[in-house]
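Remarks on the overall topology
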Amino acid sequence: MALGSYIERRGELETYFDRTAADTWAKLTSDAPVSGIRATVRAGRDEMRNTLLSWLPADMTGTRLLDAGCGTGALSIAAARRGAKVLAIDLSPTLVGVARERLPEDIDPAAIDFRSGDMLDPQLGEFDFVVAMDSLIHYLPHDICRILATLASRTRQSMAVTFAPKTPALALMHFVGGFFPRADRAPAIEPVSEKTLLKLISEDQALQQWQPGRTHRVSSGFYTSQALEMIRR
C-alpha cells in the first residue's frame with residue numbers, strides 16, 4: 001500500500017478529533033441536547049449505525065469484529081451484545097477514553113478491546129467482520145481502495161464501510177471549505193461517486209476475491225453518507 005497521502009491525512013485526523021473536536025463529538029454521541037443542525041447529524045449517524053448493524057448476523061457468538069474508527073463506542077457495544085469479540089480502535093485516545101467510560105454494566109469489559117491507534121496495524125490480527133463507519137470519508141478514493149484491500153487481507157467474511165457520496169451539496173461544501181484558513185478547517189471530506197469507487201475496487205487485484213453487496217445512502221440534514229457492503233466470494 002502506498003502510505004504517503006494516507007499517513008498525512010491520518011495525522012490530520014488524529015489532531016482534529018483528539019484535540020479540536022473531541023468535546024464536540026463526545027456530546028454529539030451522547031444523549032445531551034444539541035442544536036438543530038447537530039441533531040440532524042446525530043439522527044443520520046444513528047440511522048447509518050443501525051444500517052451497518054443490520055448487515056451483521058443477529059448472533060455473533062464466536063466471531064471477531066474490528067470496529068475501525070470506533071469513536072465513542074456505540075457500534076462496538078451493540079456488536080458485543082450480539083456475542084462478538086470486538087476490537088474497537090480509533091485515532092483519538094480521548095474518544096477511546098470516553099468509549100471506555102460509557103461501557104454499560106451489562107457488557108463484559110473483556111468483550112471489547114478498546115485501543116487508540118491505526119486501524120491498518122497488522123498487529124491487530126484477523127477478523128470475521130470489519131465495520132468502518134465514517135472513518136474513510138476523509139481519504140482520497142485511491143486511498144479508500146487501498147485501505148479496503150489492506151483490511152480485506154485480514155477479514156474472513158464481510159466488510160461494511162461508508163464513504164462520502166459525490167452529491168452537489170457535498171461537492172459545494174468541499175469547494176467552499178477550501179477558502180477557510182487551514183488552521184480553522186476540519187479535515188476535508190473527500191466525496192466520491194459510487195460508480196468511481198466500485199470501478200477502483202473492481203480493478204484492484206487485491207480485491208478480486210471480494211464483491212460489492214448491499215448499499216444504502218443516509219441523508220439527514222447536514223449528514224450524508226453511503227454504506228457499502230463488501231463480501232468475500
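- The name given to the protein in an unreviewed UniProt entry is Magnesium protoporphyrin IX methyltransferase, with the source organism recorded as Rhodopseudomonas pseudopalustris.

Brief notes about the overall build of the protein
- If you tally the helices and strands in the protein, you get eight helices and seven strands.
- Taken over C-alpha atoms, the radius of gyration comes to 17 Å for the protein, in line with the 17 Å a tight globule of 233 residues would show.
- Seen through its principal axes, the protein has C-alpha atoms that stretch 50 × 45 × 30 Å.
- Out of the 233 residues belonging to the protein, those deemed buried represent 46%.
- When contacts within the protein are restricted to residue pairs at least 6 apart in sequence, long-range pairs at least 24 apart make up 71% of them.
- Summed over its atoms, the accessible surface of the protein is roughly 11400 Å², and 54% of this surface lies on carbon and sulfur atoms.
- The positive charge centre, built from 27 side chains, and the negative charge centre, built from 28, are 3 Å apart in the protein.

Let's talk about unusual backbone geometry
- Located in the positive-phi region is Asp134, a residue other than glycine, with phi close to 60 degrees.
- Structurally, Asp134 is set in the loop between strand S4 (127-132) and helix H6 (141-152).
- Given a relative accessible area of 12%, Asp134 falls into the buried group.

Overview of the confidence of the model for the protein
- On average, residues of the protein carry a pLDDT of 92, and 91% of them reach 70 or more.
- Taken together, the stretch residues 179-185 has pLDDT below 50 and engages in four contacts with residues farther than four places along the chain or on a different chain.

Concerning the sheet that holds strand S6 (residues 210-220)
- Reading across from one edge, S3-S2-S1-S4-S5-S7-S6 is the order of the seven strands in this open sheet, with mixed pairing throughout. Pairing within the sheet leaves two strands with one partner each, and these edge strands are strand S3 (112-116) and S6. Ignoring which end each strand starts from, the neighbouring axes of this sheet average 15 degrees apart.
- Against the sheet, helix H3 (residues 36-54) contacts S4, strand S5 (155-163), S6 and strand S7 (223-232), and its axis sits at roughly 155 degrees relative to S6.
- Taken strand by strand, helix H5 (residues 93-101) contacts strand S2 (85-90) and S3, and its axis lies near 160 degrees from that of S3.

Considering the UniProt feature "domain: Methyltransferase small" (unreviewed entry) in the protein
- The feature "domain: Methyltransferase small" (unreviewed entry), as annotated in UniProt, sits at residues 46-131 in this numbering.
- Between the C-alpha atoms that bound residues 46-131 there is a distance of 15 Å. The span itself is 30% helix and 24% strand.

Notes on the packing of H3 against helix H4 (residues 74-81)
- Running from N to C, H3 and H4 point in directions that differ by 30 degrees, and their axes come no closer than 11 Å. Both H3 and H4 take part in a crossing whose hand is right-handed. Listed contacts from H4 to Arg49, Leu52 and Leu53 of H3 are Ala74, Leu75, Ala78 and Ala79.
- When grouped by side-chain class, the residues that make up the contact of H3 with H4 number six nonpolar, no polar and one charged.

A short note on the packing of H6 against helix H8 (residues 194-203)
- Relative orientation of the contacting elements H6 and H8 amounts to 45 degrees, with a least axis distance of 10 Å. Relative to H8, the element H6 is oriented oblique. Two packed elements cross with a definite hand, and for H6 against H8 that hand is right-handed. Along its contact with H6, which presents Pro141, His142, Ile144, Cys145 and Leu148, the element H8 presents Leu197, Leu200 and Ile201.
- Broken down by class, the residue content of the contact of H6 with H8 amounts to seven nonpolar, one polar and no charged.

A look at the nonpolar core
- In this structure, Leu66 and Met119 are the most contacted members of the largest nonpolar core, which totals 34 residues.
- Elements with a minimum of two residues in this core: helix H1 (4-20), strand S1 (64-68), S2, S4, H6, S5, H8 and S7.
- Broken down by element, the residue count for this core peaks at seven residues, all from H6.
- With residues near it in sequence (within four places) discarded, Met119 still touches Tyr6, Leu66, Ala68, Ile89, Leu124, Ser135, Leu136, Tyr139, Ile147 and Leu151.
- Among the nonpolar cores identified, the runner-up in size contains 30 residues, and Leu53, Trp55, Ala84 and Val86 belong to it.

A word on H1
- For H1, which comprises 17 residues, the first-to-last C-alpha distance of 24 Å matches the rise-based estimate of 24 Å (1.5 Å per residue) to within 8%.
- Regarding H1, the residues found buried are Tyr6, Arg9, Leu13 and Phe17. On an axial view of H1, the arc spanned by its buried residues comes to 75 degrees, and they lie on one face. With respect to the buried face of H1, the exposed residues turned more than 90 degrees away are Gly4, Glu8, Arg19 and Thr20.

Parameters at a glance
- Residues numbered from 1 in each chain as written.
- Predicted model: local features only at pLDDT ≥ 70, side-chain atom pairs only at ≥ 80, totals over all residues.
- Heavy atoms only, no water.
- Helix = DSSP H or I, 4+ residues; strand = E, 2+ residues; numbered from the N terminus.
- Rg over C-alpha atoms; globule rule 2.2 N^0.38 Å.
- Buried < 20%, exposed > 50% of the residue type's maximum accessible area, 1.4 Å probe, protein only.
- Contact = heavy atoms within 4.5 Å.
- Areas by Shrake-Rupley, 256 points an atom, 1.4 Å probe, with all protein chains shown as cover.
- Lys, Arg positive; Asp, Glu negative; His and termini not counted.
- Charge placed at Lys NZ, Arg CZ, Asp CG, Glu CD.
- pLDDT = per-residue confidence, 0-100.
- Pairing = 2+ DSSP bridges.
- Axes fitted to C-alpha atoms, helices over the stretch in contact; angles between N-to-C directions.
- UniProt positions renumbered as here; feature names shortened; annotations may be inferred.
- Left-handed = near helix turned anticlockwise from the far one by under 90°.
- Nonpolar A, V, L, I, M, F, W, Y, C, P; charged D, E, K, R; others polar.
- Parallel < 35°, antiparallel > 145°, perpendicular 65-115°, else oblique.
- Core = buried A, V, L, I, M, F, W, Y, C linked by side-chain atoms within 4.5 Å.
- Expected span 1.5 Å × (residues − 1).
- Arc of directions from axis to C-beta.

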